[in-house]
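Here is how the chains run, residue by residue.
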Amino acid sequence: MPPRDTYLSGTICRSPHLFYFVFIFFVSLSLLYCNAGKAQVDDNLNYYEISITLNVPKIGGSEIPAIVHGQRIYLPVKDLFDFLKIRNILSAGMDSVTGFFINPQVTYLIDEVNHRIRYDEKIFELKPNDLVKTETGLYLNADYFREAFGLDCIFNFRSLSVTLNTQIDLPAIREMQQELMRRNISRLKGEKQADTTIARKFSMFHLGSADWSIVATQQSNSGDNTRANLNMGAFVAGGEANVSLNYTSAQPFNQKQQYYSWRYVNNDHSSLRQVTAGKLLIHSTSSIYAPVVGVQFTNTPTTYRKSFGTYKLTDRTEPGWMVELYVNNILLDYKKADSSGFFTFEVPMVYGNSVVKLRVYGPWGEERYREQNIIIPFNFLPQNEFQYTVTAGRVEDEQKSLFYRTDVNYGFTRHITIGTGVEYLSSLASDKSMPYLNASFRLGSKLLITADHTYGVRSNATISYSLSSKAQVNVSYTKYDKDQTAVKYNYLEERKIELSIPLHSRNFNALSRLKLGQFILPNTKYTTAEYTITGVFAGISSNLTTYGMFSQHPYVYSNFTQTYRLLHNITFSPQMQFDYTRKRFNMFKCEAGKNISTKGYLNFSYQRDFNIKTSYLGIGFRYNFSFGQASFFATQSNHTSSLVESARGSFLYDDNTNYLRANNRIGVGKGGLIILSYLDINGNGHRDLNEPKVAGLKLHINGGITERNDRDTIIRILELEAFSKYLIELDKNSFDNIAWQIKKPNISVTIEPNHLTLIEVAVTVAGEASGIVSLCNNNKTNGLSRIIINFYDSNFTRVAHTLTEPGGYFTFMGFTPGTYTARLDTAQLHNLNLTCTPETITFNIQASEDGVIVDNLEFKVQSLLDTSKQVAAKKEVGGVKASDSSIQYGNKGTLSQQKTLTGEEKREPLSDYKQKYLIKKSKKKQLQEVKKKPKAVIPPATQNENPLNLILKYLNLKERWNFSTFDSLLIFVNQFISHDNDRR
């Protein structure tokens, strides 16, 4: 009976003619099936199902199916919405898709039966060929994703890719942003760990970045004015150096308007972590309105370990401005102010002084950028931790006052922090020295109390309580000494209360805030009140704010603002102000805006001031270039006209790689990384002159903007926060060559300000050693499994070990260039009563770009017991299991064999293992010979591809067939050919 060694779908086959018959049969069947499937779509139209790459900025890319008809692309509704995290439900008959778009109240229906799309209250009628139904779902013409849902899908036929652009805050983008914020909060708490740390390098000087802005204003009545600003950032004497130069044509050069500072940070030095010199941003009890030039020393780190709660921060800016929240120079969140300019943040409170910074960006140039520091009143330290800050300098006022302040804080317990210090100001008429005490208490997780007393100036107490409904109450009281001169205003008492309550229902989400304040002066007192409710009602952003001042002449008025989204992504914002005291409208304003492509913005505005009977008409345009931003804004009133032009941008320079980059965002004070991966051919961990760069490295980092340069294989990560630690996670599977390995995948690095730190990633070329361990017994040879092989370097240090597989074969990859010795584990051989020949095998791993394979390591072992003793041992102890093809060791060091097989049944398993081993050796040798030969010019898409695949591509069958059937057929044929080659 002939051997049956080739299997096809459960049927035994030997003749190659039968293989070709079966192959032709499946090809014909597939063509008929594909043509029949295509006819189900439309007998008169040619629709082709393909696989495309979907790219969404800020999210990433994915492979999804699609249908092509001419130059049109049809995208699967369910697959696309699943990728964007948009709620969708496909009907059982796959003839409709329902769900809601971001907001649960905004529902949609894509109906194939009636050929229409219902989105909210809008109806979009479809042509019969705009919605295609297949066996797997509904495919919609890409144009309707833009018209109905605001998802602009741009199809590139050459690259078979679709780029999706939108101005909508998609759930997938929001989810990634929230994940980034969670990672940043974890990093703020100090929870990140790494196995490799890049040490900081000391540098005397290098120029890194510069920000620039120019604003020109022309007015018909008051003349022209030009303002210019230049911020330069450098790295000087191991620290951050920043210089800000300001110019205005309306007044002469003023030294007070020029800023400069130098800061050195070393968070690893517990006694002194920061040194700052130049113009300082100080926190003082005295009223100081001029810059202070001096020096500051502190052991407060720039990063902190834990966060123990949140503090609700609400404020107001201009409508539509972007507000970024920084806590200790770490970006945690950003929001867009509503139509009235109101915004709110949940600020995480960390141990130590929480320096909260708000950066506000307006739409019309650099003059709309401002930075604001906010001091949270609660200051907590871990138990037994001590922190200090010493500041001394001269105030740039008319008196040239001397200023000095010392702050000392100590964590008495986990819930109590106490502090003391003294402040000195020479320009005060009396009590120039002002000692003070402060303390912070945390009772439970919801109640915070802080109090401070400055001798001869004031006493203050603040209480914050958070309710279970996320509502928060803040109460503060301040009493001033009647004879104090440190604080300029002459208040005697301040009483404030603030209540913030979030409101949620099925139709709206809102936040309401009530602020009350009473101020007592020597001869009078007055009360202020402010009530704000802001949120989204029925999809419309709305804000109502009422102000009141109550004294001898009360004054109350309200501002009401809404923002509507109209057709074609047009936003319309009306605003009005009503005066309750005089019972009339003070002002009315409306503004309309629209994004032009993804980089431009056009807006129109009209305002009527009823008090002075003046109207204002304005038009503005902004465009973001890759190297900067330019804008203009023109207004016309009753008798005057004005025009404002502005431009801003930044430059970044790296002297290590001679890299110069222009950008439209600020860059001074930030840093970056340069990732250069190279092939470490000799395995020494350092880059030598003959070691080339390597392309294709994949990595992940929790922040910054990543740029790749395919020409020089360099990866640049920009706009990282200075003095912050970042974790870089390298992908070990970045390269197609399995011999290229990354041994240190997790890297921790501290960002240097105004500088790009170079990180060289060594890609080790791993050598491979393989062989076989055979048991020789009674002139018979069998592979021995689960035998330990140890590998030693030239210093006789064990560097690796591995186990033999069934059949006795072993392999290990991970050797760097050098001389190694392979040896079976002597302790195991002793326990098994085995002896090995040879005892050791020395082999050499040569330096190579593609990796070296040594596959001639063969060990033969023999039992020290005779055959009779082996049989007796088998009856007594069942510790070792041996078969015709493998023998395993037991716990007692005895050997036993199974029943001896005869004839073909005994030799066939051994022959099968031996054939696989010989085939493996042959393939490895062929691979080495091919690598040594010059490579032929083969298109990249056809390298390492099955010849059958190439023929089918040449015949253009892949473009004409259904992809799922085509791929299934190729998998079947490739498996059949591979099995036939193994048999041969």
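My aim in this report is to walk through the structure given alongside it, one point at a time. Worth saying up front: this structure is predicted, and the values here are computed from it rather than measured.

**Focus on the overall build of the protein**
For the protein, the count of helices and strands is 10 helices and 64 strands. Taking all 984 residues of the protein together, the buried fraction comes to 42%. Taking the contacts inside the protein whose residues are at least 6 apart along the sequence as the reference set, 52% of them involve residues at least 24 apart. Only carbon and sulfur atoms are counted for the fraction: they give 55% of the accessible area of the protein, which is about 52900 Å².

**A closer look at empty space enclosed by the protein**
Scanning the model with the defined rule gives 3 cavities of 30 Å³ or more in all. By volume, the largest cavity amounts to about 120 Å³. Together, 13 residues line the largest cavity, and Leu-652, Arg-661, Ile-666, Gly-667 and Glu-719 are the ones closest to its centre. Elements supplying a minimum of two residues to the lining of the largest cavity: β45 (641-654), β46 (659-663), β47 (670-680) and β50 (714-721). Among the elements that line the lining of the largest cavity, the one with the most residues is β45, at 3 residues. Of the pockets and cavities examined, the second largest cavity occupies roughly 50 Å³. Contributing to the lining of the second largest cavity are Leu-428, Ser-430, Asp-431, Met-434, Gly-456, Val-457, Asp-483, Gln-484, Thr-485 and Ala-486.

**Looking at the packing of aromatic side chains**
Tallied over the full model, the rule gives 27 aromatic pairs. Taking the centre distance of 5.0 Å and the plane angle of 25° together, the rings of Tyr-547 and Tyr-557 count as stacked. You can see Tyr-547 sitting in strand β38 (residues 540-550) and its partner Tyr-557 sitting in strand β39 (residues 555-565), a full 10 residues away along the chain. In this pair, the class of Tyr-547 matches that of Tyr-557, namely buried. Residues Phe-578 and Tyr-580 carry aromatic rings whose centres are separated by 5.2 Å and whose planes lie at 80° to one another, so their mutual orientation is edge-to-face. Residue class for Phe-578 comes out partly exposed when judged on its relative accessible area of 25%. Judged by relative accessible area, Tyr-580 falls into the partly exposed class, the value being 42%.

**Topic: helix α3 (residues 142-149)**
Along α3, the residues classified as buried are Ala-142, Tyr-144, Phe-145, Ala-148 and Phe-149. Looking straight down α3, one finds that the buried residues subtend no more than 150° of arc, so they occupy a single side. Positive backbone phi, approximately 75°, marks Gly-150, located one or two places after α3.

**So, the nonpolar core**
Among the nonpolar cores identified, the biggest contains 40 residues, and Leu-75, Phe-145 and Phe-149 are the most heavily contacted of them. At 5 residues, the largest contribution of residues to this core is made by α3. Not counting residues up to four positions away in its chain, the partners in contact with Phe-149 are Phe-81, Phe-101, Tyr-108, Ile-110, Ile-117, Tyr-119, Tyr-144 and Ile-168. Judged by nonpolar contacts, the second largest core, of 25 residues, contains Ile-789, Ala-822, Ile-841 and Phe-843.

**A short note on the side chain of Ser-774**
Looking at the secondary structure, you find Ser-774 in strand β55 (residues 767-777). Setting aside residues no more than four positions away along its own chain, Ser-774 makes contact with Thr-781, Asn-782, Gly-783, Phe-859, Lys-860 and Val-861.

**A closer look at the pairing of strand β31 (residues 433-443)**
As paired strands, strand β30 (residues 416-425) and β31 are joined by 9 bridges and run antiparallel to one another. Directly across from Ile-416, in β31, lies its bridge partner Phe-441. Inspection of the sheet shows β31 paired to strand β32 (residues 447-454) by 8 bridges, in the antiparallel sense. Looking at β32, one finds that Ser-440 is bridged to Thr-450.

**Overview of unusual backbone geometry**
Here Thr-837 and Pro-838 are connected by a cis peptide whose omega angle stands at -10°. Mapping Pro-838 onto the fold places it in the loop between β61 (834-837) and β62 (840-845). Phi is positive for Asp-120, which is not a glycine, with a value near 60°. For Lys-583, which is not glycine, the phi dihedral falls at a positive 55°. Mapped onto the elements, Lys-583 comes out in the loop between β40 (570-579) and β41 (584-596).

**Overview of the pattern of salt bridges**
In the structure shown here, the tally under the stated rule is 16 salt bridges. For the salt bridge of Glu-494 with Lys-496, the shortest nitrogen-to-oxygen distance reads 3.6 Å. Classification of Lys-496 by relative accessible area gives partly exposed; the value is 39%. Taking the shortest distance from any N to any O, the salt bridge between Arg-665 and Glu-719 comes out at 3.3 Å.

Rules used throughout
- Residues numbered from 1 in each chain as written.
- Predicted model: local features only at pLDDT ≥ 70, side-chain atom pairs only at ≥ 80, totals over all residues.
- Heavy atoms only, no water.
- Helix = DSSP H or I, 4+ residues; strand = E, 2+ residues; numbered from the N terminus.
- Buried < 20%, exposed > 50% of the residue type's maximum accessible area, 1.4 Å probe, protein only.
- Contact = heavy atoms within 4.5 Å.
- Areas by Shrake-Rupley, 256 points an atom, 1.4 Å probe, with all protein chains shown as cover.
- 1 Å grid on protein atoms, 1.4 Å probe; cavity = no way out; pocket = protein on both sides within 12 Å on 5 of 7 lines; lining within 4 Å.
- Points joined across faces, edges and corners; volume = space filled by probe spheres on them.
- Phe/Tyr/Trp six-rings, centres within 6.5 Å; stacked < 30°, edge-to-face > 60°.
- Arc of directions from axis to C-beta.
- Core = buried A, V, L, I, M, F, W, Y, C linked by side-chain atoms within 4.5 Å.
- Pairing = 2+ DSSP bridges.
- Salt bridge = Lys/Arg side-chain N within 4 Å of Asp/Glu carboxyl O.

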